[in-house]
Amino acid sequence: MRYKINFENKIKELNKEKSKQYYYIDTMGCALNENDSMKYKGIIEEMGYVCTEDIEKANLILFNTCAIRENAEEKLYGRLGQLKNKKIKSKKEGNELYICIVGCMTEQKSVLEKIKTSYPYVDVVLGTKSMQYFAEKVYLAIKENKKTKEEQLNEHEIVEDVPIVYDKGYKASVSIIYGCNNFCSYCIVPYIRGRERSRLPEDILKDIAELAKKGYKEITLLGQNVNSYGNDFKGELSGYSFVDLLKDVDKIEGIEIIKFASPHPKDFTDELIEYISENKKISRQIHLPLQSGSTYILNQMNRKYTKEQYLNLVEKIKEKVKDVSFSTDIIVGFPGESEENFLDTLDVVKKVKFDMIYMFCYSVRKGTRAEKMENQIEESIKVERLERLKALYEKMVDDNNNAKIGKVYKVLIEGKSKNNEDKYSGRTEDNKVVVLDANPEDVGKILNIKIIKNNKWYLTGEKEKI
Ligand code: SAH
Ligand code: SF4
Ligand code: F3S
């Protein structure tokens, strides 16, 4: 389905009579939500609103929410509570303020109920598959004071041609597949985002070609399970796979770095490994979610691989792809996780020597299979295991970084360093932040950088002398 500009123009007309109107957007959760927010920004800017970082200034506030863990919910309720007085005050002063909520939390009945009863001043609540109705619902709120608290308006269609506001710079992400079919027993995503739906290659390639034309050099292909891309294609496209898409992205002139997240270990084919080894544009840091190192827990999690299969996969990739490094996601304290099971996780971490670990305490999600499992782990044990994992990780980061000293990497110089105005920064092919001396003309270029120092959370480098 193609996105049609419709109500945006009507809102623009309404806003014309007023002074400048600002919007503020708060994005929680994963890269896919960040990507959706870029589309909401595009839609809202078509309405004539201007982006502000100052929530106090905003006439329209959008929360793009996440439901992956419990603390994400608490964060939203806190924010909504703080806005009550602002809403009353702005109404008294004749200064409108509209509050909208989209994203994953809105797909949960309990959340909808809570918003209706505790935060009735919210104007628009829309589900994850209803982005194309957003402008219309805002219009109804402005024009007719009509509030929308709908769940889902559009089940399975993919909406194309939504206006997108990309972040400035040289890096952009593009969603290639929506939804998830895996039903890991702890995870809420398949219930919220629905089944896997792959975007057509022509739509993806058109977006990337436009980005390349605008000067973007690095593309991240996004999906809950990127390497099942294309499995849902029928007819003419049947058989077109993730590797085929990578090959087509490779042909786009101007794109020099290709990343993807997240692949599922069970779908990491030999063909994909072979192709990564041949194509130097593909990032040498591969995100390979582990979740647990214990075969028993992995089975309980419905991950469909064992500890040995995961380690074999890592070995196979290391053999084929020179200088590869790995990042991962790990959950500690899944129901029934014994000390021995946890030690298996630490064992895998030591063997793989991950460069980056996103680690989480298991959080119960309503409606998932793990919610009903016995032997839920006490919070204090989860926290203690998380601390032990963190300590191991920190030690490993240090060792990994030391091993990089003296090596030369291709680094895309992204701009001034965030923490030091006199320096510039970029990332190595395996995704480590490098800070170095450079010139304004170097920004946007890919240079050969030699690593000279390890500072734990970043490296210091210097331009290689020729
Ligand atoms: N589809 C991706 C990422 C999903 S969400 C993947 O499979 O890798 C990001 C991470 O959040 C997951 O990898 C997992 O580690 C974590 N996560 C998901 N559900 C969780 C839960 N109930 N409690 C704690 N962490 C969870
Ligand atoms: Fe959740 Fe598993 Fe799907 Fe990732 S693969 S989104 S963890 S169900
Ligand atoms: Fe959160 Fe939804 Fe992503 S639940 S992690 S924002 S898909």
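All residue numbers here refer to positions counted from 1 along the written sequence of the relevant chain. The lettering of chains begins at A and the numbering of ligands begins at 1, in the order of writing. For a predicted model such as this one, the threshold for reporting local features is a pLDDT of at least 70, and the threshold for listing and counting side-chain atom pairs is 80 or more; totals across whole chains, interfaces and linings nevertheless cover every residue. Values shown for side chains rest on all heavy atoms present in the structure; no hydrogens or waters enter the calculation.

A.B. asks: Hey, could you run me through the side chain of N454 in this one?
C.D. replies: Mapped onto the elements of the fold, N454 is located in strand β18 (residues 446-454). Residue exposure (1.4 Å probe, protein chains only): buried if accessible area is under 20% of the type maximum, exposed if over 50%, otherwise partly exposed. Judged by its relative accessible area of 16%, N454 is buried. Pairs of N or O atoms are called polar contacts if they sit within 3.5 Å, as long as, within protein, a hydrogen donor faces a hydrogen acceptor (for residues adjacent in sequence, only side-chain-to-side-chain pairs). A distance of 3.4 Å separates the side chain of N454 from the side chain of D398, its partner in a polar contact. In terms of polar contacts, N454 uses its side chain to reach the side chain of N401, at 3.1 Å. We call two residues contacting when some pair of their heavy atoms lies within 4.5 Å. Once you skip the residues sitting within four places of it in the chain, N454 turns out to touch D398, N401, N402, I405 and L459. Secondary structure elements are taken from DSSP: a helix is a run of H or I of four residues or more, a strand is a run of E of two residues or more, and numbering for both begins at the N terminus.

A.B. asks: Just checking my understanding: could you explain the site of ligand 1 for this structure?
C.D. replies: Surrounding ligand 1, one finds 15 residues, the nearest of these being Q224, P289, Q291, D329 and S363. Here an oxygen atom of ligand 1 sits 2.7 Å away from a polar atom, N or O, in the side chain of Q291. Under the convention used here, a 1.4 Å probe and the Shrake-Rupley method define accessible areas, while residue burial counts only the protein chains that appear. If ligand 1 stood free it would expose 540 Å²; the protein chains cover 90% of that surface. Secondary structure elements with two or more residues in the shell around ligand 1: β13 (325-332) and β14 (356-361). Here a residue is near a molecule or strand as soon as one of its heavy atoms is found within 4 Å of it.

A.B. asks: Before we go on, may I ask you to explain the packing of helix α12 (residues 339-352) against helix α13 (residues 379-404) in this structure?
C.D. replies: For any two helices packed against each other, the geometry is given by the interaxial angle and the distance between the axes. Geometry is summarised by axes, namely lines fitted to C-alpha atoms with helices restricted to the contacting stretch, and by angles between N-to-C directions that run from 0 to 180 degrees. As a packed pair, α12 and α13 sit with axes 11 Å apart at the nearest point and diverge in direction by 15°. One finds that α12 runs roughly parallel with respect to α13. You can see that α12 and α13 cross each other, and the crossing is right-handed. Taken together, the residues of α13 that come into contact with α12 (itself represented by E339, F342, L343, L346, V349 and K350) are R385, R388, L389, L392 and M396. Its residues assigned to classes, the contact of α12 with α13 shows 7 nonpolar, no polar and 4 charged. Relative orientations are named as follows: roughly parallel for angles under 35 degrees, roughly antiparallel for angles over 145 degrees, roughly perpendicular for angles from 65 to 115 degrees, and oblique for any other angle. Crossing handedness is defined as follows: a turn of the near helix away from the far one that is anticlockwise and smaller than a right angle gives a left-handed crossing, while the clockwise case is right-handed. Each residue is assigned to one of three groups, with Ala, Val, Leu, Ile, Met, Phe, Trp, Tyr, Cys and Pro labelled nonpolar, Asp, Glu, Lys and Arg labelled charged, and all others, Gly among them, labelled polar.

A.B. asks: How do you make sense of the domain arrangement of the protein when you look at a structure like this?
C.D. replies: Size of an interface: often given as the accessible area lost when the parts come together. Split by domain assignment, the protein resolves into domain 1 (7-149), domain 2 (166-283), domain 3 (285-399) and domain 4 (408-463). Domains are outlined according to an automatic or database domain assignment. Each of domain 3 and domain 4 has a C-alpha centre, and these two points are 30 Å apart. Taken together, the 8 residues of domain 3 in the interface contact 7 residues of domain 4. When two parts are brought into contact, each loses some accessible area as probed by a 1.4 Å sphere; the total of that loss over both is the buried area. Both sides together, the interface formed by domain 3 and domain 4 hides about 720 Å², and carbon and sulfur atoms give 44% of it.

A.B. asks: What should I look at first to understand the sheet that holds strand β12 (residues 285-287) in this one?
C.D. replies: The strands making up a sheet associate through backbone hydrogen bonding, with each pair oriented either parallel or antiparallel. Pairing is parallel across the open sheet formed by 3 strands, whose spatial order is β12-β13-β14. At either margin of the open sheet sits one strand with a lone partner, and together these are β12 and β14. For this sheet, the mean inter-axis angle between neighbouring strands, taken without regard to orientation, is 15°. In this scheme, strands are said to pair when DSSP sees at least two bridges between them. Examined bridge by bridge, β12 and β13 share 3 bridges and lie parallel to one another. What sits directly across from Q285, in β13, is S325.

A.B. asks: Explanation requested: the environment of E53 in the structure shown.
C.D. replies: Locating E53 in the fold gives a position in the loop between β2 (50-51) and β3 (60-65). E53 sits in the exposed class, given a relative accessible area of 75%. In sequence terms E53 and Y22 are 31 residues apart; their C-alpha atoms lie 9.5 Å from each other.

A.B. asks: Honestly, the site of ligand 2 in this entry has me stumped. Any pointers?
C.D. replies: Taken together, C180, N182, F183, C184, Y186, C187, V189, P190, Q224 and R303 make up the full set of residues near ligand 2. Here the residues of the shell around ligand 2 are counted per class, giving 7 nonpolar, 2 polar and 1 charged.

A.B. asks: How should I be thinking about the nonpolar core in this particular structure?
C.D. replies: Looking at soluble globular proteins, one finds that nonpolar side chains tend to be buried together. Judged by nonpolar contacts, the single largest core of 62 residues is most densely connected at L221 and I317. No other element matches α13, which puts 6 residues into this core. Split by domain, this core shows at least three residues from each of two domains, domain 2 (166-283) and domain 3 (285-399). Residues contacting I317, with those up to four places away along its chain left out, are F268, I273, I286, L288, V324 and F326. For the purposes of this section, nonpolar cores are sets of buried Ala, Val, Leu, Ile, Met, Phe, Trp, Tyr and Cys residues that join through side-chain atoms within 4.5 Å. With 27 residues, the next largest nonpolar core counts Y23, L126, M131 and Y139 among its residues.

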